[in-house]
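A closer look at the structure
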Amino acid sequence: MQAVEPPVDDADLTAFAEAVRAVAAVATPADPDNLSGMAIDFDHYLAQCPSIREVTVTTAPDRAPQITAACLAEPATSPVRIAQEVEQIWLRDLRYRHWEVHRLRTTPTSVELEVATRVDEDGYYITGLIMVQWSPAWGEDRS
C-alpha cells in the first residue's frame, strides 16, 4: 500500500490563504470571459488525465474559488498517483506563468488542489479548486 500524505497543517493553510489575500489586495479577479476561458482549459486538461474518468467544471466569478472542478477518479488509481497527476497538470498546463500558489491535500478518499494564479504584473487573478473523489460503489482499499 502506498503512503498517503498526512493532513495539511494549519501553517500550510495559513501560507496559502495569505498568498491569495496578498494578490487579491493588488489585483482584480478575472472577468467572466477570462474565467470562462480558464474553465474550458480546466475541463480540457483534467479530462486528459489518465487517472480521471469524469470532470465537471463550474464557475462563480463573485466568490472564491472562482473555478471548481469536481472529478471522478478511475477506481484502481491511488490517491498518491492522482495527486501527482493533478499537481503536474496544474503546474504544466493550467497556471499562468507570472505567479501561482497551490495547496495539495490527499486523504484515502479524496485529493484536493486549491490554486490561485495571476496572469501578469498588472492583470487579473483566478482562484480554483480541483476535487477528485472515487465512486462510492468502489471499495475502500486504494493501494
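Residues numbered from 1 in each chain as written. Predicted model: local features only at pLDDT ≥ 70, side-chain atom pairs only at ≥ 80, totals over all residues. Heavy atoms only, no water.

**As for the nonpolar core**
- Ranked by internal contacts, the top residues of the largest apolar core, which has 28 residues, are Phe42, Leu46, Ile52, Ile130 and Val132.
- Of all the secondary-structure elements, those providing two or more residues to this core are helix H2 (32-47), strand S1 (52-59), strand S2 (67-73), helix H3 (79-94), strand S4 (110-118) and strand S5 (125-133).
- At 6 residues, the largest contribution of residues to this core is made by H3. (Core = buried A, V, L, I, M, F, W, Y, C linked by side-chain atoms within 4.5 Å. Buried < 20%, exposed > 50% of the residue type's maximum accessible area, 1.4 Å probe, protein only. Helix = DSSP H or I, 4+ residues; strand = E, 2+ residues; numbered from the N terminus.)

**Quick look at H3**
- All of the buried residues in H3 are Pro79, Val80, Ile82, Ala83, Glu85, Val86, Ile89, Trp90 and Leu94.
- Along its buried surface, H3 packs onto H2, S1, S2, strand S3 (99-106), S4 and S5. (Contact = heavy atoms within 4.5 Å.)

**A closer look at the side chain of threonine 68**
- Here threonine 68 shows up in strand S2.
- Residues in contact with threonine 68, not counting those within four places in the same chain, are Thr56, Val57, Thr58, Leu129 and Met131.

**Focus on the pairing of S5**
- Along S5, 7 of the 9 residues are buried, which leaves the element largely enclosed by surrounding structure.
- Two strands pair when backbone bridges link them, and S2 and S5 are joined in this way by 6 bridges, in the parallel orientation. Pairing of leucine 72 across the sheet is with glutamine 133, part of S5.
- Pairing between S4 and S5: 9 bridges, direction antiparallel. Residue pairing for S5: leucine 113 is matched across the bridge by isoleucine 130. (Pairing = 2+ DSSP bridges.)

The values reported here are purely geometric and, on their own, carry no functional implication.
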